[in-house]
Amino acid sequence: MSVKIRFFARFRELLGSDIMTDAAAGTMFTSLITTVAKKNPEGYAAIFDENGAFHEFVILMKNGKRIEIADAATTPVVDGDEIAVFPPVAGG
Amino acid sequence: MFSERERERYKRQMMLFGEEGQERLKKAQIFIAGAGGLGSPVSLYLAVAGVGTITIVDRDVVDQTNLNRQILHFDRDIGRKKTSSAKEKLQEINPDITIHAIDVKIDETNASKLIGNANGIVDALDNYPTRYLLNEVAIAKEIPLVHGGIRGFYGQATTIVPGTTPCLKCIFPKPPPQEVLPVVGATAGLIGTVQANEVLKYLLGIGELLKGRLFIWDGIQAHADEICVERNPACEACGSKAKKTPAREKK
């Protein structure tokens, strides 16, 4: 099945913009992002901590709806889903 | 009433919203938190538009490393208080408005008082803890908070209208770690101009604000995106869990 991942800001800089990915049925949100982010160690470190958990400031969305970090590991993705992952942009 | 000079100055925009609109701008008070990368374009555009009273707060001194983006400040201002530099430039660009430039660090003890009776708050800050304070005051006073953030070639903006839209904590519940951020002046110019435009529309009561919409700018791709954002009923700032603290008391 095909899922679109959209990174924004710093995450996009490190991992690219619109990524179409093939995922096996039953893949969970966190594992999908983990797999994609691991392609760039710096990108992975920007999104995940040393225990492999999302940094608490990371914003996760699926089809325009917020996914809480605590729920991401048990939230399945399905064919056609559009996922957004982004940090708060802080500079002024 | 407008002087002949004001009529001439605002002629091209009064073609859009008339004397009544211009009068609204003249009577308005806007609070700008920060006289840096975002605060520069925001304050300049609000000043030339004729927003009657602008309060701008910053506690920093102009540094050479600011000058790639903070267009209120010139090379000759290095070492000078940003508030002093800002007041001079803004007053020079429009002598018919009132500028209050306050050299202080915004904290929980002074935020509400500093914002006073302002009609709106512009977030031109560089850190989330102080942004959350502005968010609290905006909720308490029921006035809009126009948020902006920049990093590198990327930026974001949204307009928070308490009671209607998600608040800043609904959208970004946790602050990112503080770091020295890379940034180009053009990103600050673009996002700051979006923020100034939001303030003008709000004061004039025209158009569509960035309500419940996070505007995201990617300057590398020259691409703008929009993400719909929703209120969090459990939000600790505006939801049912919100505590009544002194900062939340109405003005």
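Remember, predicted model here, so these are calculated numbers, not experimental data.

A. Spatial organisation of the nonpolar core. Residue and element names in this part refer to chain B. Core analysis: the biggest nonpolar cluster contains 38 residues, and Ile30, Ile32, Leu46, Val51 and Ile54 have the highest contact counts within it. Of all the secondary-structure elements, those providing two or more residues to this core are helix H2 (11–27), strand E1 (29–33), helix H3 (39–49), strand E2 (53–57), helix H4 (82–93), strand E5 (145–151), helix H8 (185–204) and strand E7 (213–218). With residues up to four places along the chain from it excluded, the contact list for Ile32 reads Gly39, Val42, Ser43, Leu46, Ile54, Thr55, Ile56, Val57, Val122 and Ala124. Judged by nonpolar contacts, the second largest core, of 37 residues, contains Ala118, Tyr132, Ile143 and Ile216.

B. Structural context of the packing of aromatic side chains. As enumerated under the stated definition, the model contains 6 aromatic pairs over all chains in all. Ring centres of Tyr128 of chain B and Phe172 of chain B lie 5.9 Å apart, and the angle between their planes is 75°; on these two criteria the pair is classed as edge-to-face. Linking Tyr128 of chain B in helix H6 (residues 128–141) with Phe172 of chain B in the loop between helix H7 (168–171) and H8, this pair joins segments that are 44 residues apart in sequence. The exposure class of Tyr128 of chain B is buried, given its relative accessible area of 1%. For Phe172 of chain B, a relative accessible area of 0% puts it in the buried group. An aromatic cluster is built from Phe8 and Phe86 of chain A together with Tyr128, Tyr132 and Phe172 of chain B, whose rings are joined through pairwise contacts. The cationic tip of Lys89 of chain B hangs over the ring face of Phe74 of chain B; the distance from NZ or CZ to the ring centre is 4.1 Å. A cation over an aromatic ring shows up here: Arg131 of chain B above the ring of Tyr128 of chain B, its NZ or CZ 4.8 Å from the ring centre.

Here is what the cut-offs are and how they apply
Residues numbered from 1 in each chain as written. Chains lettered and ligands numbered in written order. Predicted model: local features only at pLDDT ≥ 70, side-chain atom pairs only at ≥ 80, totals over all residues. Heavy atoms only, no water. Core = buried A, V, L, I, M, F, W, Y, C linked by side-chain atoms within 4.5 Å. Buried < 20%, exposed > 50% of the residue type's maximum accessible area, 1.4 Å probe, protein only. Helix = DSSP H or I, 4+ residues; strand = E, 2+ residues; numbered from the N terminus. Contact = heavy atoms within 4.5 Å. Phe/Tyr/Trp six-rings, centres within 6.5 Å; stacked < 30°, edge-to-face > 60°. Lys NZ or Arg CZ within 6 Å of the ring centre and 35° of its normal.

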